[in-house]
Amino acid sequence: MPNETTTPAGTPREARAPGAPSAPPPEQRPPCAGPDPAPGKEPGRGGYRAVFAVREFRAVFAAHLLSLLGVVVSELALTVLVYDLTGSPLLSALTFALGFLPYIVGGTLFAGVADRYPARRVLVTCDLICAGCVAVMVVPGTPVWGLLALRCVVAAVAPVFTGTRTAALTDILGEGDLYVLGRSLLRLVSQSALLVGFGAGGILLAALSPRGAITVTVVTFLCSAALLRLGTRDRPARTAGRGNGSLPAESLAGARAVLGDRRVRGLLLLFWVPAFFVVAPEALAAPYADALGAGPATLGLLMGAMAVGHIGAELYVGTALGPRARSRIVLPVAVLGLLPLVLYAFRPGTAVTVGALVLAGAGAAYVIGLDQWFVEAVPEPLRGRAMTLLTAGLMTVQGLGMALAGLAAEFFPVHQVVAVSGAAGSLCTLLLALEVRRTRVRYRSARQG
């Protein structure tokens, strides 16, 4: 399933104030979450190795890697296939864009799946649906409209899969530092897959036809389903027996409950707002490289620079900083992360531009601490729907950000569009950070009360 950015079991906990912590007492902690840290020691010092020590997480990690590579390769191969069949650049581009648009539909109308049904069943079913859709794409007689419709189905399933898996991590790893590092690892794989997956897709397309390359992704989805079925425990649904009404109604009610909590809403926006602005340089990389008079090699550097910065910074924050330090840097790094894009105003050369993009990518490391705030603030019965909404919103705002950046570039020079995105994004994130800081004070008061 695509990134990013979840829900299995556990019986609903007692009602609590919005934003109050939901960490289970020691006797209720999942057995694989590890022992409580020794007094006086900060948790999480085992780092990423401690996360990989959990057998269930290893299965989830391997399944994520396989399904993500399958998605990236199928996106590339399907785009090429549609162009070969139609010769239309518009339809080819639409094929890629359809990877974003249905997220909001799946994330709002089907989010209730993540809490209503057992997580393992949801995850395996999502992988099998995707494998079936991709298998039909391979059939030679499938018309172009059918290919696009199947692409929409896969994209609509993706936020349900990702949200369910993210919430499931709290049962597999607990709600503390292991969860944060587990989320970080999945994010790092997603960023790396963008670099490796398109390269692998290019190699496959050089050796196979587009339909042949798509066939390979059927295997990756089936292997992912098998790993999740055999490698994870079957836990009961988070709201088993409590669902009332239709699935869309339950999903929308969950979205209203999540967005109605002031702190949770602020944290969601802190995920979404920087992501909306930071995509501008990637969306406009090709015209900016053309304005520099640069070739394909420079375009590749511009496209991959932010991913490199993100991976490097998140690895550092995850390994060198403890939970308290990661929490302290959330708001400052979120506010400062977009400022390097302002350098575009001076129309810098390739070296400075790549450096600015690496720094902007590194700014995404604030999310590792934000993950912990979010899981603490969301009531457990809503966790699957909240994680699904988070994923759907994240992908949607990135798609909108790319589209609006492209629209703005029709009327203004590319370097100005990117610079304004950096400045406006920094200002919006600053205002949002102040709001999140205010709600955090109230959250601590509720926690102490």
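Residues numbered from 1 in each chain as written. Predicted model: local features only at pLDDT ≥ 70, side-chain atom pairs only at ≥ 80, totals over all residues. Heavy atoms only, no water.

### Quick look at the overall build of the protein
Operational definition: Going along the chain from the N terminus, every DSSP run of H or I of four or more residues is numbered as a helix, and every run of E of two or more is numbered as a strand. Three exposure classes are used, based on accessible area relative to the maximum for each residue type with a 1.4 Å probe and protein chains only: buried under 20%, partly exposed in between, and exposed over 50%. Here the accessible surface of atoms and residues is derived via Shrake-Rupley with a 1.4 Å probe, and residues count as covered only by protein chains that are part of the display.
Looking only at helices and strands, one finds 20 helices and zero strands in the protein. Of all 449 residues assigned to the protein, the portion counted as buried reaches 54%. For the protein, the exposed area adds up to about 18500 Å²; of that, 69% sits on carbon and sulfur atoms.

### Examining the nonpolar core
Within soluble globular proteins, side chains that are nonpolar generally end up buried alongside one another. Going by this rule: Note on terminology: a nonpolar core comprises buried Ala, Val, Leu, Ile, Met, Phe, Trp, Tyr and Cys residues joined through side-chain atoms within 4.5 Å. The contact definition used throughout considers only heavy atoms, calling two residues in contact when any of these lie within 4.5 Å.
Judged by nonpolar contacts, the single largest core of 106 residues is most densely connected at Phe57, Leu173, Leu268, Leu270, Trp272, Leu370 and Phe374. Among the elements that line this core, the one with the most residues is helix H7 (residues 144–173), at twelve residues. The residues contacting phenylalanine 374, other than those within four sequence positions of it, are Val264, Leu267, Leu268, Phe271, Ala386, Met387 and Leu390.

### Brief notes about the packing of aromatic side chains
Rules: Aromatic rings from Phe, Tyr and Trp, taking only the six-membered ring of Trp, are treated as a pair when their centres fall within 6.5 Å; an angle between ring planes under 30 degrees marks them as stacked, one over 60 as edge-to-face, and anything in between as tilted.
Taken as a whole and assessed by the stated rule, the structure comprises five aromatic pairs. Ring centres of phenylalanine 276 and phenylalanine 277 lie 5.0 Å apart, and the angle between their planes is 90°; this geometry places the pair in the edge-to-face category. With relative accessibility at 26%, the residue phenylalanine 276 sits in the partly exposed group. By relative accessible area, which is 14% here, phenylalanine 277 ends up buried. A network of ring pairs unites the aromatic residues Phe52, Phe57 and Phe61 as a single cluster.

### Quick notes on helix H13 (residues 285–292)
This is how it is decided: For this quantity, the arc is that covered by the directions from the helix axis to the C-beta atoms.
Along H13, the residues classified as buried are Ala285, Tyr288 and Ala289. Buried residues along H13 cover an arc of 100° about the axis, so they all sit on one side. Following H13 by one or two positions, glycine 293 adopts a phi angle in the positive range, close to 75°.

### Considering the environment of leucine 338
Tracing the sequence through the fold places leucine 338 in the loop between helix H16 (330–336) and helix H17 (350–362). Given the relative accessible area of 3%, leucine 338 is considered buried. Other than its neighbours up to four places away in sequence, leucine 338 contacts Pro274, Phe277, Val278, Gly422, Gly425, Ser426 and Thr429.

### Some remarks on the environment of serine 327
Along the chain, the position of serine 327 falls in helix H15 (residues 323–328). The class for serine 327 is buried, based on a relative accessible area of 15%. Taking the C-alpha atoms as reference points, serine 327 and glutamine 372, separated by 45 residues in sequence, lie 8.1 Å from one another. Among all residues touching serine 327, those that are not within four sequence positions of it are Trp373 and Arg440.

### Description of the environment of proline 413
On the secondary structure map, proline 413 appears in the loop between helix H19 (383–409) and helix H20 (414–448). Using a relative accessible area of 38% as the deciding quantity, one classes proline 413 as partly exposed.

### Brief notes about the packing of helix H6 (residues 119–138) against helix H9 (residues 210–231)
Axis angle and axis distance: for two packed helices, these are the angle between their axes and the distance between the axes, and together they describe the pair. Short version of the rule: As a rule, the C-alpha atoms of each element are fitted with a line to give its axis, helices using only the stretch in contact, and angles between N-to-C directions run from 0 to 180 degrees. If an angle is under 35 degrees, it is roughly parallel; if it is over 145, roughly antiparallel; if it lies from 65 to 115, roughly perpendicular; otherwise it is oblique. Note on convention: the crossing is left-handed when the near helix lies turned anticlockwise from the far helix by less than a right angle, right-handed when the turn is clockwise.
Their axes nearest at 9 Å, the elements H6 and H9 cross at an angle of 165°. With respect to H9, the axis of H6 lies roughly antiparallel. In the packing of H6 onto H9, the handedness of the crossing is left-handed. Of the residues in H9, those touching H6 at Arg120, Leu123, Val124, Asp127, Leu128, Cys130, Ala131, Val134, Ala135, Met137 and Val138 are Arg211, Ile214, Thr215, Thr217, Val218, Phe221, Leu222, Ser224, Ala225, Leu228 and Arg229.

### Re the pattern of salt bridges
When the charged atoms of two side chains with opposite charge come close together, those side chains can pair. Cut-off, in case you're wondering: Note on definitions: salt bridges are taken to be side-chain nitrogens of Lys or Arg within 4 Å of carboxyl oxygens of Asp or Glu.
Evaluated as defined, the whole model comprises eight salt bridges. In this structure, the salt-bridge partner of glutamate 314 is arginine 187, at a minimum N-O distance of 2.8 Å. Note that glutamate 314 is positioned in helix H14 (residues 296–320) and arginine 187 in helix H8 (residues 177–207), a separation of 127 residues in sequence. Taking the relative accessible area as the measure of exposure, glutamate 314 reaches 0% and is therefore buried. For arginine 187, a relative accessible area of 5% puts it in the buried group. The partner of aspartate 371 in a salt bridge is arginine 187, with the nearest N and O atoms 2.7 Å apart. One end of the pair, aspartate 371, is in helix H18 (residues 367–377); the other, arginine 187, is in helix H8, with 184 residues separating them in the sequence. The pair formed by aspartate 371 and arginine 187 is uniform in burial state, with each residue classed as buried.

### Some points on H18
The buried count for H18 comes to ten of eleven residues, which makes it a mostly enclosed element. For H18, every residue scored as buried is listed here: Val367, Ile368, Gly369, Leu370, Asp371, Gln372, Trp373, Phe374, Val375 and Ala377.

### Some words on a nonpolar patch on the surface
The line we're drawing: Nonpolar side chains (Val, Leu, Ile, Met, Phe, Trp, Tyr) are joined into patches within 5 Å and like charges within 9 Å, using only residues with over 30% relative accessible area and no salt bridge.
Together, Leu404, Leu407, Phe411 and Phe412 make up an exposed nonpolar region whose accessible area comes to about 450 Å². Tracing the backbone shows phenylalanine 411 in the loop between H19 and H20.

### Topic: the confidence of the model for the protein
The condition is simple: For every residue, the predictor reports its confidence as pLDDT, a number between 0 and 100.
In this model, the protein carries an average pLDDT of 77, and 79% of its residues clear a pLDDT of 70 or more. H16 holds the highest mean pLDDT among the elements of the protein, 93, whereas helix H3 (residues 89–97) holds the lowest, 66. Here residues 1–44 is a poorly scored stretch, pLDDT under 50, and it has 138 contacts once near neighbours within four places are set aside; other chains count.

### Notes on unusual backbone geometry
The backbone phi angle of arginine 347 is positive, close to 50°, even though this residue is not glycine. For arginine 347, the position within the fold is in the loop between H16 and H17.

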